[in-house]
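Survey of secondary and tertiary structure
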Amino acid sequence: MVYWKNRHAKKEIVVEKREKLLLRLDGYYKEDYYTNVLKITSTYIKGFQYYLIEDADFTRALESKNKTMATFLIKGLATKYLQMIPKKE
């Protein structure tokens, strides 16, 4: 029982950390930045944000509040993300 509680608590901490990172991300970049600069359609923005916080370097930049580094990294990650999105025919 104790093992399950510890494991469950660790999962909650990870979820809370991701939620905080997503909130910080919302404060840094607005929807028009994703669509106009990064060329990510509004349909994929939320998925891209989750993709971003899974990247260790980007997460470190966000946690250290280094917007310059985050902006540098987001452009490269956007290119990779766009390649993963299925193209409309």
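So, here's what we can say about the structure.

Each value, and the rule that gives it
- Here, residues in each chain are numbered from 1, in the same order as that chain's written sequence.
- Given that this is a predicted model, residues contribute local features only at a pLDDT of at least 70 and side-chain atom pairs are listed and counted only at 80 or more, while totals for whole chains, interfaces and linings are drawn from all residues.
- With hydrogens and water set aside, each side-chain value is computed from the structure's full complement of heavy atoms.
- Salt-bridge detection follows one rule: a side-chain nitrogen of Lys or Arg within 4 Å of a carboxyl oxygen of Asp or Glu.
- A run of H or I in DSSP counts as a helix once it spans at least four residues, and a run of E counts as a strand once it spans at least two, with each numbered from the N terminus.
- For each residue, the accessible area found with a 1.4 Å probe, counting protein chains only, is set against the maximum for its type, and the residue is called buried under 20%, exposed over 50%, and partly exposed in between.
- Whether two residues are in contact is decided by their heavy atoms, any of which lying within 4.5 Å being enough.
- As used in this structure description, the phrase polar contact means that two N or O atoms lie within 3.5 Å; if the pair is within protein, one of them must be able to donate a hydrogen and the other to accept it, and residues adjacent in sequence are counted only when both atoms belong to side chains.

1. Some words on the pattern of salt bridges
Once their charged atoms are close, side chains differing in charge can pair, the charge on each being opposite to the other. Scanning all chains against the criterion turns up two salt bridges. We note a salt bridge from Arg-18 to Glu-54, for which the minimum N-O separation is 3.2 Å. Residue Arg-18 is located in helix H1 (residues 2–28), and its partner Glu-54 is located in the loop between helix H3 (45–53) and helix H4 (56–63); the two are separated by 36 residues in the primary sequence. Across the salt bridge formed by Asp-57 and Arg-60, the nearest N and O atoms sit 2.3 Å from each other. Placement of both Asp-57 and Arg-60 in helix H4 is noted, with a separation of three residues, approximately one turn of the helix. We classify Arg-60 as partly exposed; its relative accessible area is 48%.

2. Concerning the environment of Thr-59
The topology assignment puts Thr-59 in helix H4. Taking relative accessible area as the criterion, Thr-59 reaches 9% and is therefore assigned buried. For the pair Thr-59 and Leu-25, spaced 34 residues apart in sequence, the C-alpha separation works out to 10.0 Å. With residues up to four places along the chain from it excluded, the contact list for Thr-59 reads Leu-21, Leu-52, Ile-53 and Glu-54.

3. Observations concerning the side chain of Gln-49
Here Gln-49 shows up in helix H3. By relative accessible area, Gln-49 is classed as buried at 3%. Polar contacts involving the side chain of Gln-49 include one to the side chain of Asp-26, which spans 3.1 Å. Excluding its chain neighbours within four sequence positions, the residues that come into contact with Gln-49 are Leu-22, Leu-25, Asp-26 and Tyr-34.

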